[in-house]
Amino acid sequence: MNVDIIVIGGGHAGCEAAFAASRFKKKVLLVTHDTSTIGQMSCNPAIGGLGKSHLVREIDAMGGLMGVCADTAGIHFKVLNASKGPAVRATRSQSDRVLYSKAVKSVIDSEHLLTSISEEVVDIEIENGRASGVKLKNGEIIYGKKIILTAGTFLNGRLFTGEEEEDGGRKKSKSSKILANCLRSLDLGDARLKTGTPPRILTSSIDFSVLEIQSGDTPRPCMSFIGSSDMHPEQMNCFITRTNTKTHDFIRSGLDRSPMFSGRIDGIGPRYCPSIEDKIHRFADKESHQIFIEPEGLTSDEVYPNGISTSMPKDIQEKMVKSILGFEKAKITQFGYAVEYDFFDPRNLSHTLETKGIENLYFAGQINGTTGYEEAAAQGLVAGINASLSLDGKEPWIESRSNSYIGVLIDDLVTLGTKEPYRMFTSRAEHRLLLREDNADQRMTPYAYRLGIISNKRWDIFQSKMTQIDRETQALKKMKIDPSLFGGKNKSKQPVLSILKRPEAKLEEIYKLVKRSLPEKGVLLDIETTKKYAGYIERQNKEIKKIKKYENAKIPEEIIFSDITGLSNEVKQKLEKVMPKTIAHAQRIPGITPAAISLLLVHIKKGQSSPSEKIGP
């Protein structure tokens, strides 16, 4: 069999990669252990959240499947940080596991150039430094012009619950040991990481009457730009409870049997989503930790207690669960466990996610050291698009940090690498006011349209939105109102767009005052954000221009960072550890502020001896 692109793995990265390539009219083969698990949510049944929803919106703006499938399967929607600025707001959708997987599989199955098969890949065929195909466990070799590997947690995956240990990428799924060992021989910088999952609890065994209800938002938001509440199934509530000192005592009593503390797990776990045993160890002063009780689906009899991920022994899990308010009679349907797996140093990849050492071979997802569905899906999209563009002899799609969270994600990985599971946060984006959830379509959909990978429906919806923004902005320019209505002292009428810059002024209230019909929410938000934060947006645009001006400026090899006056010791240590070669490289180091970069530039300029070496005016 010969195909254009072979995608290995049917998780979130693999599905986005395969779907993206099929939209380029490429003949795609998706190979996974079991096609019935395509699009499966291995851990928590949710899409989006802080930092992550920005990735989902960008994937969606490029015609990807995650946002639409989240709307199709979403049973609880909420905007996080709704009271804060637009840059850090994030939409989160609780999903019905069955409906989400079904939605993803439906999209994959509907693509006539995309074929999926249930097989195990045991090796990558490489000829003269180029990947040319894959070898299946049954001995068959399938040839492909591009190979995209999205193995998730399956490479040499090991599952741990207390003293119990078994092979697997997740429960009831075997690990890819043969392929993992073959990949290790390619010298791509392999290491181990760890993630985990909480116990699942029988819904009927929980006393919900004593728990805090967390309702979804009304009106309900959507994850996709082309989504609507009509797509959503029946909605459900989430609930909140907490651990207590008794819970923590039970956990401490079993730490000597925990694989994390006994040394049986070498992999590093996610810093920002630690297990409950890690939490009580690291934050010993805290008497309780919050638990979000999330339904697994409309027809499921289980809940997902988000916040008590664990690999403790089963008897300890039983005790700790039953010590929690509302869980006194809880029945565990599946015990929590940790997963340790192989990943490869993403610094050995180019920004297209093609491996530097092996042509035509791309890595996407947790194999690159990330954690989370959204991060994986974003990488799958990048790999799928770039593999297709390469086949067409076109320029690659490389997003800048100043234009997307996808650009931040990829740049962080391939430039800095990671020693712990990488998770996206809004704080990772230097220009987050420009990279909001609501304007991802403006930043990316026109490019997707030029590539020909989005539907006419999506393009029409985007154009309609932009037309409305322009029409409403022009109308508002002609309007004046009394500024005293929004905290102003002068009662003489002033232009609406000037008044809108006041913190107290709300565009929705202004529309009511002038008795004008409200446009759709996305239009309203765009106009209000653009005007209210105009000064900050202008400042960030100037910073981007400055970065572009100096990004290729080289940092002298002989530089001694500890000699730079004004830098904090922390910044000096980070620079000395990474030893960046350019200003752009230095800017990408977490914790290196624009002020630190300015001091670095001044120091370099002082040390230059000839006009030809100058990096600035």
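An account of the accompanying structure is given in this report. (Residues numbered from 1 in each chain as written. Predicted model: local features only at pLDDT ≥ 70, side-chain atom pairs only at ≥ 80, totals over all residues. Heavy atoms only, no water.)

**Overview of the overall build of the protein**
Then, in step 1: Helix and strand content of the protein: 19 helices and 22 strands.
Then, in step 2: Burial analysis of the protein (617 residues in total) assigns 55% to the buried set.
Then, in step 3: Of all intrachain contacts in the protein linking residues separated by at least 6 positions in sequence, the fraction that spans at least 24 positions is 71%.
Then, in step 4: Working note: accessible area of the protein is about 26900 Å², and carbon and sulfur atoms make up 49% of it.
Then, in step 5: When the 88 basic and 77 acidic side-chain charges of the protein are each reduced to a single mean position, those positions are 6 Å apart. (Helix = DSSP H or I, 4+ residues; strand = E, 2+ residues; numbered from the N terminus. Buried < 20%, exposed > 50% of the residue type's maximum accessible area, 1.4 Å probe, protein only. Contact = heavy atoms within 4.5 Å. Areas by Shrake-Rupley, 256 points an atom, 1.4 Å probe, with all protein chains shown as cover. Lys, Arg positive; Asp, Glu negative; His and termini not counted. Charge placed at Lys NZ, Arg CZ, Asp CG, Glu CD.)

**Side note on empty space enclosed by the protein**
Then, in step 1: Inspection of the entire model under this criterion finds two cavities of 30 Å³ or more.
Then, in step 2: In terms of residue count, helix α10 (residues 405-416) provides more of the lining of the largest cavity than any other element does, three residues in total.
Then, in step 3: For the lining of the largest cavity, the residue count by class is five nonpolar, two polar and one charged.
Then, in step 4: As a volume, the second largest cavity reaches approximately 30 Å³.
Then, in step 5: Looking at side-chain class alone, the lining of the second largest cavity contains four nonpolar, two polar and one charged residues. (1 Å grid on protein atoms, 1.4 Å probe; cavity = no way out; pocket = protein on both sides within 12 Å on 5 of 7 lines; lining within 4 Å. Points joined across faces, edges and corners; volume = space filled by probe spheres on them. Nonpolar A, V, L, I, M, F, W, Y, C, P; charged D, E, K, R; others polar.)

**Side note on helix α4 (residues 97-110)**
Then, in step 1: Between its first and last C-alpha, α4 extends 20 Å over 14 residues, near the 20 Å set by a 1.5 Å rise per residue.
Then, in step 2: Burial in α4 covers these residues: R97, Y100, S101, A103, V104 and I108. Burial along α4 is one-sided: seen end-on, the buried residues are contained in an arc of 155 degrees. Pointing more than 90 degrees away from the buried face of α4 are the exposed residues V98, K102 and S110. (Expected span 1.5 Å × (residues − 1). Arc of directions from axis to C-beta.)

**Focus: the pairing of strand β11 (residues 164-167)**
Then, in step 1: In the sheet, strand β10 (residues 158-161) pairs with β11 via four bridges, with the strands oriented antiparallel. Residue pairing for β11: T161 is matched across the bridge by E164. (Pairing = 2+ DSSP bridges.)

**Structural notes on the nonpolar core**
Then, in step 1: I385 and I406 are the most contacted members of the largest nonpolar core, which totals 97 residues.
Then, in step 2: One finds I291, I308, I324 and F335 within the second-largest nonpolar core, a separate group that totals 21 residues. (Core = buried A, V, L, I, M, F, W, Y, C linked by side-chain atoms within 4.5 Å.)

**Some remarks on the side chain of S402**
Then, in step 1: You can see S402 is positioned in the loop between α9 (373-391) and α10.
Then, in step 2: Among the polar contacts listed, one links the side chain of S402 to the side chain of S400, at a separation of 3.1 Å.
Then, in step 3: When neighbours within four sequence positions are excluded, S402 is seen to be in contact with H431, L435, I544 and K548. (Polar contact = N/O pair within 3.5 Å; in protein donor to acceptor, adjacent residues only side chain to side chain.)

**Focus: the sheet that holds strand β17 (residues 302-306)**
Then, in step 1: Read from one edge of the open sheet, six strands run β14-β15-β16-β17-β13-β18, paired in antiparallel fashion. Edge positions in the sheet fall to β14 (212-214) and β18 (332-334), since each has one partner strand and no second. Neighbour-to-neighbour, the strand axes of this sheet turn through a mean angle of 35 degrees, independent of strand direction.
Then, in step 2: When strand β13 (residues 200-202) meets β18, the two strands line up antiparallel, connected through two bridges. Looking across to β18, one finds that I201 is bridged to I332. (Axes fitted to C-alpha atoms, helices over the stretch in contact; angles between N-to-C directions.)

**Quick notes on the environment of F425**
Then, in step 1: Here F425 shows up in the loop between α10 and α11 (440-451).
Then, in step 2: Expressed as a C-alpha distance, the spacing of F425 and V496, which sit 71 residues apart in the sequence, is 34 Å.
Then, in step 3: Not counting the four nearest positions on each side in its chain, F425 is found in contact with G51, Y272 and Y405.

**What about the pairing of strand β15 (residues 238-242)?**
Then, in step 1: Burial of β15 is extensive: four of the five residues sit out of reach of the surface.
Then, in step 2: Sheet analysis places β14 next to β15, joined by three bridges and oriented antiparallel. Bridge pairing in β15 links E212 to I240.
Then, in step 3: Summarising the sheet, β15 and strand β16 (residues 290-295) pair through four bridges and their orientation is antiparallel. Bridge assignment links R242 to a residue of β16, and that residue is Q290.

**Re the packing of helix α2 (residues 52-61) against α10**
Then, in step 1: Their axes nearest at 8 Å, the elements α2 and α10 cross at an angle of 110 degrees. As summarised for this structure, α2 and α10 are arranged roughly perpendicular, according to the angle between their axes. Between α2, through H54, L55, E58 and I59, and α10, the contact on the second element is made entirely by Y405, I406 and L409.
Then, in step 2: Per-class residue counts for the contact of α2 with α10 are five nonpolar, one polar and one charged. (Parallel < 35°, antiparallel > 145°, perpendicular 65-115°, else oblique.)

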